[in-house]
Amino acid sequence: GRGHVVNTASIAGLYPYTYDLLPYSATKAAVVALSEALAFYLRPRGIGITCLCPGPVLTNIVEQITAHTDLSKMRVPSLALLDATTVGDMVVGAVREDCFLLLTHPDEVHDLLVRRAADPEGWLTGAIEQFEAETPGGCLHCRRSDRGCDGCRGRHRFVRFPQRRHRLTGQR
């Protein structure tokens, strides 16, 4: 057989940088795992697999988000915004070279993953501390930040929770 499959994941599948987009990070990690499993099965049969893990790419969706949201609040590692043509050229090169994992920002992602791999517990603790410092807390049931809630009938469970964004405007 001959052919090549390109799956699009994200650096979020390798480095979950968004606490308020857990399903996004989880599904992108699943795409990476699926791609690797497919490579084990299909490469010996002559079918190549490339898993694209881009950082931020200037697309219509990103343009809409940035019109309503300060990118610095999205907790994205500071990576250069690439245009879609550049990423497309990278994909063509990866397919020609039968490259499995294509990172659009390899140096920056490498550094993040090396720090994480060197001390997973320390990395997770640091990420949690940063999250708690930046995220307001409140009652899990009513989301009020004080204990004067009547609707919970004394069942207050105070936690830190991400600030929700409006699904269209991106504003908090």
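What you are looking at is a predicted structure, and each value in this text was computed from that prediction instead of being measured.

## Some details on the overall build of the chain
Looking only at helices and strands, the chain has five helices and seven strands in total. Counting helices and strands in the order they occur from the N terminus, the chain gives β-α-β-β-α-β-α-β-α-α-β-β. With 172 residues in all, the chain has 29% of them scored as buried.

## A closer look at the packing of aromatic side chains
Under the counting rule described, the total for this entry stands at one aromatic pair. The cationic tip of Arg 45 hangs over the ring face of Tyr 41; the distance from NZ or CZ to the ring centre is 4.0 Å. Positioned above the aromatic ring of Trp 123, the side-chain terminus of Arg 116 is 4.9 Å from the ring centre.

## Here's the deal with the pattern of salt bridges
Taken as a whole and assessed by the stated rule, the structure comprises one salt bridge. Notably, a salt bridge pairs Arg 43 with Asp 98, separated by 3.7 Å at the nearest N-O pair. Linking Arg 43 in the loop between α1 (22-42) and β2 (47-53) with Asp 98 in the loop between α3 (84-96) and β5 (101-103), this pair joins segments that are 55 residues apart in sequence. Classification of Asp 98 as partly exposed rests on a relative accessible area of 36%.

## Comments concerning the sheet that holds β2
Overall, parallel pairing links the three strands, which are arranged β1-β2-β5 in an open sheet. The two strands at the open ends of the sheet, each matched to only one other strand, are β1 (3-8) and β5. Mean inter-strand twist for the sheet, computed between neighbouring axes without regard to direction, equals 25 degrees. Two strands pair when backbone bridges link them, and β2 and β5 are joined in this way by three bridges, in the parallel orientation. Looking across to β5, one finds that Cys 53 is bridged to Leu 103.

Definitions and cut-offs
Residues numbered from 1 in each chain as written. Predicted model: local features only at pLDDT ≥ 70, side-chain atom pairs only at ≥ 80, totals over all residues. Heavy atoms only, no water. Helix = DSSP H or I, 4+ residues; strand = E, 2+ residues; numbered from the N terminus. Buried < 20%, exposed > 50% of the residue type's maximum accessible area, 1.4 Å probe, protein only. Phe/Tyr/Trp six-rings, centres within 6.5 Å; stacked < 30°, edge-to-face > 60°. Lys NZ or Arg CZ within 6 Å of the ring centre and 35° of its normal. Salt bridge = Lys/Arg side-chain N within 4 Å of Asp/Glu carboxyl O. Pairing = 2+ DSSP bridges. Axes fitted to C-alpha atoms, helices over the stretch in contact; angles between N-to-C directions.

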